Amino acid sequence: HADTLRTKPPDADGVMTFQSKLPICVFSADCLPVLLASQDSEGPIAAVHSGWRGAKLGVVAEAVRMMGVEGSKLHAILGPSLMSCCFEVRADFISEFTADRGDISPYLCQRQEKQFFDLSRFVIEQELKGLPPENIHTEFLQCTYCSKPELPSYRRNKSTDPRIRTWITKL
């Protein structure tokens, strides 16, 4: 029932609707929020929370698949998240991610003997590969950890309070 979903939504990494004037959102504090919208006014919209675990499982690609919209008619907007400047990872992360998704070396960079992961580039190139580049909007991408003014960052603050709410609605 719509009223129950509005007052007590289930825990999930994404939400999709065809309903107009119903804002949907995801919360994040380093993970990548991805908003999806069909160019067709009758088509669906979605809000997806993609952390490294979600990216490893293909949550954004699954949302795109579930929307059933041809890639050329779908737009994606990526919000603030932990970027490759600050997303340090260890060998266990790399081996676990590689076990599920194959070689991720194109999305890793090494600085001062540390490895850093480019989550947003991974999502763009692997999860949104069916969309033309002009339909992928990155103007809101900025690092939650080091951007000024400060954005909520779990890694920096060791807390998910506050969080970023990224929302979308159909008119």
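To be clear, the structure that these remarks concern was listed above.
All residue numbers refer to positions counted from 1 along the written sequence of the respective chain. Confidence filtering applies because this is a predicted model: local features only for residues at pLDDT of at least 70, side-chain atom pairs given and counted only at 80 or more, and all residues used for totals across whole chains, interfaces and linings. With hydrogens and water set aside, each side-chain value is computed from the structure's full complement of heavy atoms.

## As for the environment of Arg101
Point 1. Per the convention used, a helix needs a DSSP run of H or I reaching at least four residues, while a strand needs a run of E reaching at least two, with both numbered from the N terminus. By the element assignment, Arg101 lies in helix H4 (residues 91–101).
Point 2. For each residue, the accessible area found with a 1.4 Å probe, counting protein chains only, is set against the maximum for its type, and the residue is called buried under 20%, exposed over 50%, and partly exposed in between. Judged by its relative accessible area of 27%, Arg101 falls in the partly exposed class.
Point 3. On a C-alpha basis, the gap between Arg101 and Ala29 in space is 24 Å, while along the polypeptide they are 72 residues apart.
Point 4. For this analysis, residues touch if any pair of their heavy atoms sits within 4.5 Å. Other than its neighbours up to four places away in sequence, Arg101 contacts Ala55, Lys56, Leu57, Gly58, Phe122, Gln126 and Glu127.

## Let's talk about the sheet that holds strand E5 (residues 74–78)
Point 1. Criterion used throughout: strands pair if DSSP finds at least two bridges between them. Read from one edge of the open sheet, five strands run E1-E4-E3-E5-E9, paired in mixed fashion. For this open sheet the edge positions go to strand E1 (14–17) and strand E9 (136–137), each flanked by a neighbour on one side alone.
Point 2. Here E5 pairs with E9 via two bridges, running parallel. By the bridge assignment, Ile77 is partnered in E9 with His137.
Point 3. A fitted line through C-alpha atoms serves as each axis, taken over the contacting stretch for helices, and the angle formed by two N-to-C directions is quoted from 0 to 180°. Seen against the sheet, helix H5 (residues 119–127) touches strand E3 (32–38), strand E4 (45–50), E5 and E9 and runs at an angle of roughly 30° to E3.

## Overview of the side chain of Ser50
Point 1. Here Ser50 lies in strand E4.
Point 2. Among the residues examined, Ser50 registers a relative accessible area of 1% and is labelled buried.

## Digging into the sheet that holds strand E8 (residues 114–117)
Point 1. Ordered by their spatial adjacency, three strands build an open sheet running E6-E8-E7, and the pairing between neighbours is antiparallel. Bordering the open sheet on either side are strand E6 (88–89) and strand E7 (108–111), each of which pairs with just one other strand.
Point 2. Its contacts with the sheet put H4 on E6, E7 and E8, and the angle it makes with E8 is roughly 40°.

## Structural notes on the environment of Glu88
Point 1. Tracing the sequence through the fold places Glu88 in strand E6.
Point 2. In this structure Glu88 comes out as partly exposed when scored by relative accessible area, which is 34%.
Point 3. Sequence separation between Glu88 and Gln112 is 24 residues; the distance between their C-alpha atoms is 11 Å.
Point 4. If near-sequence neighbours (up to four positions away) are discounted, Glu88 is found in contact with Lys114, Gln115, Phe116 and Arg155.

## Regarding the pairing of E8
Point 1. Bridge count between E6 and E8: two bridges; the pairing is antiparallel. The residue bridging Glu88 from the neighbouring strand is Phe116, located in E8.

Function cannot be inferred from these measures alone, as they are strictly geometric.
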